[in-house]
Amino acid sequence: MKALITGITGMVGSHLADYLLENTDWDIYGVCRWRSPLDNVSHLLERVNRRDRIFFEYADLNDEMSLIEVVHKIKPDYAFHLAAQSYPQTSFTAPIDTLNTNILGTCRLLEAFRLAMRQDKAYQPVMHICASSEVFGRIPGDKKPKEGIHEECPFHPASPYAISKTGTDLLGRYYAEAYGMTVMTTRMFTHTGPRRGDVFHESTFAKQIAMIEAGMIEPTVRVGNLNSLRTYADVRDAVKAYHMLVTVEPIAGEYYNIGGEYTCKVGDTLNTLLSYSSKKDEIEIIIDPERLRPIDADLQVPDCRKFRAHTGWRPEIPFERTMYDLLSYWRDRVGRGESFLMR
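Anyway, here's the lowdown on the structure attached to this text. (Residues numbered from 1 in each chain as written. Predicted model: local features only at pLDDT ≥ 70, side-chain atom pairs only at ≥ 80, totals over all residues. Heavy atoms only, no water.)

Focus: the environment of Lys 265
As for its position among the elements, Lys 265 is in strand E11 (residues 262-265). When the C-alpha atoms of Lys 265 and Leu 226 are compared, they prove to be 6.5 Å apart, with 39 residues separating the residues in sequence. Each residue touching Lys 265, except ones within four places of it in the same chain, is listed here: Leu 226, Asn 227, Ser 228 and Leu 229. (Helix = DSSP H or I, 4+ residues; strand = E, 2+ residues; numbered from the N terminus. Contact = heavy atoms within 4.5 Å.)

Structure below.
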């Protein structure tokens with residue numbers, strides 16, 4: 001069996017590769033761009049060089065021919081489409097790139113699979129299209145369902161990124177309905193842990209704390225909106241959910257909300273990370289206007305009963321361990337003497 005992961009060099013893609021290598025006997029084909037940073041998969045490079053069940057294929061969501069070539073060459077049994085311009089804040093300054101990569105890039109990938117299936121009628125891959133909880137956007141507090149945001153809540157995207165993921169979500173369902181492809185879409189809520197990019201709130205908090213502890217910067221943590229409500233899952237639980245999505249009686253065209261069970265304000269997340277630091281009493285918190293979004297999706301609380309009923313999945317890693325492991329990840333990087341942008 002063969003699995004294709006777009007975005008294998010990202011946080012989620014690299015953890016998914018780890019999970020599949022440990023828990024399946026599949027061969028893993030990771031799609032990445034020639035210029036993709038390899039930090040998150042550095043521990044896998046020896047196996048890649050030996051061609052030991054994991055292989056890198058160079059392609060780009062903005063180059064249709066490269067995607068067609070990869071899909072026709074590999075014909076994976078499973079495909080996990082995780083690659084994207086994934087930072088909401090950046091989408092406000094680069095909306096066209098975000099829309100092109102996330103919507104048209106997804107369409108190009110789905111077209112590559114459709115063409116492969118048309119040429120080989122026996123080829124029937126199972127595909128996961130990763131959308132985002134950001135598609136739901138700004139749900140007023142009095143309109144939010146008691147049990148959380150369920151799959152049928154209306155979309156109200158609050159950023160170009162969220163709009164692009166709305167298109168991604170709808171494309172996945174369209175290709176399932178129009179062409180009989182086994183495509184499923186997920187709206188994963190906030191998920192984090194080791195390897196999380198420093199452009200995301202909890203990871204930049206952890207990075208700044210680690211740098212303060214090492215004496216690299218003044219004892220000041222710069223933050224954005226601390227009142228936004230988030231429900232957190234660990235990335236290692238998230239990738240287990242993705243594996244179950246494609247292997248537990250997959251239903252073409254289905255769409256699922258997936259997320260953790262721990263809900264708190266972003267400010268509480270910061271306080272949890274600070275509680276692990278010996279410098280916590282010396283650190284000052286400063287609101288940085290550049291870290292504020294023009295519009296914020298600030299009630300991200302999921303109702304995951306549909307996915308759990310279908311697969312039996314539940315998150316297992318507690319919030320506190322996720323945050324501690326994230327801080328440890330940044331402490332390790334700081335301890336190696338790496339240099340970082342202040343963001």
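Here we look at helix H7 (residues 201-213)
Between its first and last C-alpha atoms H7 spans 19 Å; for 13 residues at 1.5 Å apiece the expected length is 18 Å, and the two agree. With eleven of 13 residues buried, H7 lies mostly within the body of the structure. Glu 202, Ser 203, Thr 204, Phe 205, Ala 206, Lys 207, Gln 208, Ile 209, Ala 210, Met 211 and Ile 212 are the residues of H7 that are buried. Looking at the buried side of H7, the elements it contacts are strand E7 (191-192), strand E8 (220-223), helix H9 (266-275) and helix H11 (319-335). Backbone geometry just downstream of H7 places Gly 215 in the positive-phi region, at approximately 75 degrees. (Expected span 1.5 Å × (residues − 1). Buried < 20%, exposed > 50% of the residue type's maximum accessible area, 1.4 Å probe, protein only.)

Some details on the nonpolar core
Ile 5, Leu 20, Ile 28 and Phe 80 are the most contacted members of the largest nonpolar core, which has 37 residues in total. A per-element tally of this core places helix H8 (residues 235-247) first, with eight residues. Phe 80 has contacts with Ala 3, Leu 4, Ile 5, Thr 6, Leu 16, Leu 20, Trp 26, His 128, Tyr 242, His 243 and Val 246, leaving out every residue within four places of it along the chain. Grouped together as the second largest cluster of nonpolar side chains are 28 residues, Phe 55, Leu 67, Val 70 and Ala 83 included. (Core = buried A, V, L, I, M, F, W, Y, C linked by side-chain atoms within 4.5 Å.)

Some points on the pattern of salt bridges
Under the counting rule described, the total for this entry stands at 24 salt bridges. The shortest N-O distance in the salt bridge between Arg 333 and Glu 338 comes to 2.8 Å. Take Glu 338: its relative accessible area is 22%, and that puts it in the partly exposed class. Counted as one network, the salt bridges with shared partners bring together Glu 46, Arg 47, Arg 50 and Asp 52. (Salt bridge = Lys/Arg side-chain N within 4 Å of Asp/Glu carboxyl O.)

These figures capture arrangement, not role.
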